[in-house]
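# Breakdown of the fold
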Amino acid sequence: MITIHQLLDNAKCFETVRVLRWPETVTCPHCGSDQITRQGKDDTQPERQRYGCKGCQRKFDDLTDTVFAGHHQPLKIWVLCLYFMGLNLSNTQIAHELDLNEDDVQQMTQQLRSGIVAKKPAVILEGEVECDEVYVVAGHKGQPDAVKKKGRKSRRNRLKGARWRGTLEKEKPPIFGMIQRGGQVVIHMLENVQQVTIKPFIQSTIAPGTLIYTDEYAIYDRLEQWGYSRKSVCHGAGEYARDEDGDGFYEVHVNTMEGFWSLLRSWLRPHRGISQTYLPLYLGFFEFVHNAKKRGKALLSSLLELIIS
């Protein structure tokens, strides 16, 4: 378990990174060889160990080929930033806590989210899975040219999305979600919600033959043709759960996915005005956090291990 004391000590941060990156022995990030020699410490960061590989004759250090490499901020600042992201602090809050410029923090959090999303493991869902969609207002914050193409002026207040179902073009992109009961979740931002749009995500994520629970939305009408079983509830008729086998347990529902949407909305709330460009990074980061089923310092260990692997 990582402690706050370790986060405030740059040397302990490097020690933690080495333990997580090389739990058994140091290996070359270029060729994978374990024939490694120590080459002294870094000139500007004395806690940073340098190495030489006898296999490929190349040099590297503790941070080579990680998101932490090539930056002027100390490692402890990056690790603390990642810790605060796991607590779901906004960029403004993180900048205040770390006494940094908000633009610098925005670049740091963007790189960290990108690193997590790029390396998070693929998830395969099976057994009983629920599918549903939700719509999130997301415009073109920080992109004046894109705003101009929309034919509207820049705004100071929150963007108001169109009513009912939206699309990426209408600045209210759909988020498609698949969650295994008692298991993990997978979410994607889509341009629109159509059968042709959701089919590749379902087939790449949900194992064939899985029982899928949905609402009455027509986009799910071809699930049987795609090799799945389907049971649905009709929200339009006021039906939100149904007991089909008479055991008193209302097993036909999408309430697990609906509950996840509530968590997602709460997670996104501190981050005001997320643009369409960066919304997938926020979604992917929260997907990993939710699936890790850890919080605080325990979550930080999982985030660090993933991002430096």
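### Quick word on the packing of aromatic side chains
Ring pairs (aromatic) are described by centroid distance and by the angle formed between their planes. Summed over the entire model, instances satisfying the criterion amount to 10 aromatic pairs. Pairing tyrosine 83 with phenylalanine 84 gives two aromatic rings, centres 5.8 Å apart and planes at 50 degrees, and the pair type is tilted. Across this residue pair, the class does not change: tyrosine 83 and phenylalanine 84 are buried. Among the aromatic residues, those joined into a cluster by ring pairs are Phe260, Trp261, Trp267, Phe285 and Phe286. Here the guanidinium or amino end of arginine 113 rests over the ring plane of tyrosine 282, the centre of that ring lying 3.9 Å away.

### Quick look at the packing of helix α3 (residues 75-86) against helix α5 (residues 102-119)
Interhelical geometry of α3 versus α5 gives an angle of 75 degrees and a closest axis separation of 10 Å. Between α3 and α5, the angle is such that the two are roughly perpendicular. Contacts from Ile77, Trp78, Cys81, Leu82 and Met85 in α3 reach Met108, Thr109, Gln111, Leu112 and Arg113 in α5. Class assignment for the residues of the contact of α3 with α5 results in 7 nonpolar, 2 polar and 1 charged.

### A short note on the side chain of serine 302
With respect to the helices and strands, serine 302 occurs in helix α10 (residues 296-308). The class of serine 302 is buried, set by a relative accessible area of 14%.

### Some points on α3
Spanning 12 residues, α3 covers 17 Å between terminal C-alpha atoms, matching the ideal 16 Å at 1.5 Å per step. For α3, the buried fraction is high: 11 of the 12 residues fall into the buried class. Taken together, the buried positions of α3 are occupied by Leu75, Ile77, Trp78, Val79, Leu80, Cys81, Leu82, Tyr83, Phe84, Met85 and Gly86. Backbone geometry just downstream of α3 places asparagine 88 in the positive-phi region, at approximately 65 degrees.

Conventions we followed
- Each chain has its residues counted from 1, running along the sequence as written.
- For this predicted model, a pLDDT threshold of at least 70 governs which residues receive local features, and a threshold of 80 or more governs which side-chain atom pairs are given and counted, while totals over whole chains, interfaces and linings are taken from all residues.
- Side-chain numbers here rest on the full set of heavy atoms in the structure, without hydrogens or water.
- Ring pairs are drawn from Phe, Tyr and Trp, using the six-membered ring of Trp, whenever the two centres fall within 6.5 Å, and their geometry is named by plane angle: stacked under 30 degrees, edge-to-face over 60, tilted for the rest.
- Throughout this description, buried means an accessible area under 20% of the type-specific maximum (1.4 Å probe, protein chains only), exposed means over 50%, and partly exposed covers the range between.
- By the criterion adopted, a ring carries a charge over it if an Arg CZ or a Lys NZ lies within 6 Å of its centre and within 35 degrees of its normal.
- To get an axis, fit a line to the C-alpha atoms, keeping to the stretch in contact for a helix; angles then go from 0 to 180 degrees between the N-to-C directions.
- Numbering of helices and strands starts at the N terminus; helices are DSSP runs of H or I of at least 4 residues and strands are runs of E of at least 2.
- Here the word oblique covers every angle except those under 35 degrees (roughly parallel), over 145 (roughly antiparallel) and from 65 to 115 (roughly perpendicular).
- Note on definitions: a residue-residue contact is assigned when non-hydrogen atoms from the two residues lie within 4.5 Å.
- Note that Gly is not counted as nonpolar here; it falls among the polar residues with everything else outside the nonpolar set of Ala, Val, Leu, Ile, Met, Phe, Trp, Tyr, Cys and Pro and the charged set of Asp, Glu, Lys and Arg.
- Expected helix span is computed as 1.5 Å times (number of residues minus one).

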